[in-house]
Amino acid sequence: MSVPLSILDLVSISEGSSAREAIAASVSSAQLADRLGYTRLWFAEHHNTVNLASSATALLISHAAAATERIRVGAGGVMLPNHAPLMVAEQYGTLANMHGDRIDLGLGRAPGTDQMTAQALARSSAEPQAFAQNIYDLQGWLGEQGRAHSTPIVSAVSQSMEVPIWVLGSTVNGAAIAGQLGLPFSVASHFAPDQLDQAIRVYRDSFTTESPTAQIEEPRVMAGINVMVADTDEAAAREFTVVQQMFLDLRTGGRRRLQPAVDPADIATRGGDRNPMLQIAAVGSPQTVTRQLEEFVDRTGADELITVTYAYDPQVRDRSLQLLADAWF
């Protein structure tokens, strides 16, 4: 049986478009994904970026959850050092009260931005021990007593909500934290693939159910992969140049909104087709992408895949979602 497919959305803003239009397109895609059978839709927290509107994840989650019926909606993730843990508990407890048992809380240690912006946002420590303690406290606030383990403060709105917590990471360090906490692990291989195989191995080797934070009985890995599906391999390769241009801009310091697709040969002349950050990708016709996803599952043993699809035209993204669902489910 094929592993479940989920979606990571960064609410990208195309050239000539606005954040308002990007959010509307994202919700429309969420409704499509809900109908097609995708397991979950996560929003990734980013700040100080001109081409992404995914800064206030809790608001996006609420908006998407209100517009859908079945799909799980959550954060992929909340960058915990940017937030006071109590506020996170209150926000996600409120979401669970509003939308029921469809809310996920993925937590990461990275700032999701540059250092200057991270300093402006900072509310808690990114150190591993502090991160683990904050997760323990969050579980307390979301648990039966509604009380953190390190403070008598009670959060009535999150009490007994039991929102599932995932740990996000891209390195062996993040993997070890997830395993030692006994929590599911989402590996950011869609943009940080260097330690993918080692991280998954470390996670499974370090996994324990003995930790007071453990929520699952056995390791669970969700791996990120860039995906673009079109009617032909050639059409998909052209559409994939949208994200290749975005990553070229990251390398050169360019600050542009998503650019239209170009001839892949133009990207090749600039070395954009060899960007190591994008090496985990499935691009092509439905048959090609299905084969590439199956190979990725075989390589990683992932229990679930979370797909990332950037497109200048939201209709191209929706077409990719449709073609992939038709081929995979």
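For the structure, check the block above.
Within each chain, residue numbers correspond to sequence positions counted from 1 in written order. Only residues with pLDDT of at least 70 are given local features in this predicted model, and only at 80 or more are side-chain atom pairs given and counted; all residues enter the totals for whole chains, interfaces and linings. In computing side-chain values, all of the structure's heavy atoms are included and hydrogens and water are not.

K.L.:
In this structure, what is going on with the nonpolar core? I would like to understand it.
P.N.:
Nonpolar side chains tend to gather and get buried jointly when the protein is soluble and globular. Among the buried residues, those of types Ala, Val, Leu, Ile, Met, Phe, Trp, Tyr and Cys that are joined through side-chain atoms within 4.5 Å form a nonpolar core. The buried label applies to any residue whose accessible area, calculated with a 1.4 Å probe on protein chains only, is under 20% of its type's maximum; exposed applies above 50%, and partly exposed to all values in between. If you look at the biggest cluster of nonpolar residues, it comprises 72 residues, and the most contacted ones within it are Tyr-38, Tyr-92, Leu-105, Leu-107, Leu-293, Leu-305 and Leu-324. Note on conventions: DSSP H or I runs of at least 4 residues are helices, E runs of at least 2 residues are strands, and numbering of each starts at the N terminus. Per element, the largest residue contribution to this core is six residues, and it comes from helix 5 (residues 128-142). Beyond its immediate sequence surroundings of up to four residues, Tyr-92 is in contact with Thr-57, Ala-58, Ile-61, Ala-75, Val-78, Ile-103, Asp-104, Leu-105 and Val-163. Core analysis: the next-biggest nonpolar cluster, separate from the first, contains 26 residues, Trp-42, Leu-168, Tyr-310 and Val-316 among them. Contact between two residues is taken to exist if any of their heavy atoms lie within 4.5 Å; hydrogens are not considered.

K.L.:
Honestly, the packing of helix 6 (residues 172-181) against helix 7 (residues 196-206) in this entry has me stumped. Any pointers?
P.N.:
Any two packed helices are characterised by the angle at which their axes cross and by the distance between the axes. Following both chains from N to C, one finds helix 6 and helix 7 inclined at 25 degrees, their axes separated by 7 Å at the closest point. By the criterion of interaxial angle, the relationship of helix 6 to helix 7 is roughly parallel. Helix-helix and strand crossings are classified by hand; for helix 6 and helix 7 the assignment is right-handed. Here Val-172, Ala-175, Ala-176, Ala-178, Gly-179 and Gln-180 of helix 6 come into contact with helix 7, specifically with Gln-198, Ala-199, Val-202, Tyr-203 and Ser-206. Residues are grouped as follows: Ala, Val, Leu, Ile, Met, Phe, Trp, Tyr, Cys and Pro are nonpolar; Asp, Glu, Lys and Arg are charged; all remaining types, including Gly, are polar. Tallied by class, residues from the contact of helix 6 with helix 7 come to seven nonpolar, four polar and no charged. A fitted line through C-alpha atoms serves as each axis, taken over the contacting stretch for helices, and the angle formed by two N-to-C directions is quoted from 0 to 180°. Oblique is the label for every angle not falling under 35 degrees (roughly parallel), over 145 degrees (roughly antiparallel), or within 65 to 115 degrees (roughly perpendicular). With the far helix as reference, a near helix turned anticlockwise by less than a right angle produces a left-handed crossing, and one turned clockwise produces a right-handed crossing.

K.L.:
For this particular structure, what's the right way to read the packing of aromatic side chains?
P.N.:
How two aromatic rings sit relative to each other is set out by the distance from centre to centre and by the angle between their planes. Under the pairing criterion, centres of Phe, Tyr and Trp rings, with the six-membered ring standing for Trp, must be within 6.5 Å; the plane angle then separates stacked pairs below 30 degrees from edge-to-face pairs above 60, leaving the rest tilted. Summed over the entire model, instances satisfying the criterion amount to four aromatic pairs. Where Phe-185 meets Tyr-203, the ring centres are 5.3 Å apart and the plane angle is 35 degrees; that geometry is what we call tilted. Remark: Tyr-203 occurs in helix 7 and Phe-185 occurs in strand 6 (residues 185-187); sequence separation between them is 18 residues. Accessibility classification places Phe-185 together with Tyr-203 in one group, the buried group. Note on Tyr-203 and Phe-207: the rings are 5.9 Å apart at their centroids and 75 degrees apart in plane angle, and the pair reads as edge-to-face. Accessibility assignment for this pair places Tyr-203 and Phe-207 in one class, buried. One aromatic cluster is present, formed by Phe-185, Tyr-203 and Phe-207 through successive ring pairs.

K.L.:
Would you take a moment to explain unusual backbone geometry for this structure?
P.N.:
Negative phi characterises most residues that are not glycine, and trans characterises most peptide bonds. For the bond from Gly-76 to Gly-77, the omega torsion is 5 degrees, close enough to zero to count as cis. Within the element layout of this structure, Gly-77 appears in strand 3 (residues 72-79). For Val-11, which is not glycine, the phi torsion reads 50 degrees and is therefore positive. You can see Val-11 is positioned in the loop between strand 1 (5-9) and helix 1 (19-36).

K.L.:
Even after reading the chapter, I still don't get a nonpolar patch on the surface, so can you show me in this structure?
P.N.:
What goes into a patch is any residue over 30% in relative accessible area without a salt bridge, connected to like charges within 9 Å or, for nonpolar side chains (Val, Leu, Ile, Met, Phe, Trp, Tyr), within 5 Å. Here the Shrake-Rupley method, with its probe set to 1.4 Å, supplies the accessible areas, and only the displayed protein chains count as covering residues. A side-chain nitrogen of Lys or Arg and a carboxyl oxygen of Asp or Glu constitute a salt bridge if their distance falls within 4 Å. Together, Phe-191, Leu-250 and Met-277 make up an exposed nonpolar region whose accessible area comes to about 280 Å². Position of Phe-191 among the secondary structure elements: in the loop between strand 6 and helix 7.

K.L.:
What is the right way to look at helix 11 (residues 314-328) in this model?
P.N.:
Structural remark: α-helix, 3.6 residues per turn; residues separated by three or four positions point the same way. Any helix carries an expected span of 1.5 Å times its number of residues minus one. Here helix 11 spans 21 Å end to end across 15 residues, near enough to the 21 Å set by a 1.5 Å rise per residue. Along helix 11, the positions that sit buried rather than exposed are Val-316, Arg-317, Asp-318, Ser-320, Leu-321, Leu-323, Leu-324, Ala-325 and Trp-328. Next to the buried residues of helix 11 lie strand 1, helix 1, strand 7 (221-229), helix 8 (233-252), helix 10 (286-300) and strand 9 (304-308). For this analysis, a polar contact is any N or O atom pair within 3.5 Å, provided that within protein one partner can donate a hydrogen and the other can accept it, and provided that sequence-adjacent residues contribute only side-chain to side-chain pairs. Between the side-chain oxygen of the N-cap and the backbone nitrogen of Gln-315 there are 2.9 Å, and the N-cap of helix 11 in question is Asp-313.

K.L.:
Any chance you could explain the packing of helix 7 against helix 10 here in plain terms?
P.N.:
Where helix 7 contacts helix 10, the axes come no closer than 10 Å and their chain directions differ by 50 degrees. Taken as axis vectors, helix 7 and helix 10 run oblique relative to one another. Contacts between helix 7 and helix 10 pair Leu-196, Asp-197, Ile-200 and Arg-204 from the former with Phe-296, Arg-299 and Thr-300 from the latter. Taken together, the residues of the contact of helix 7 with helix 10 break down into three nonpolar, one polar and three charged.

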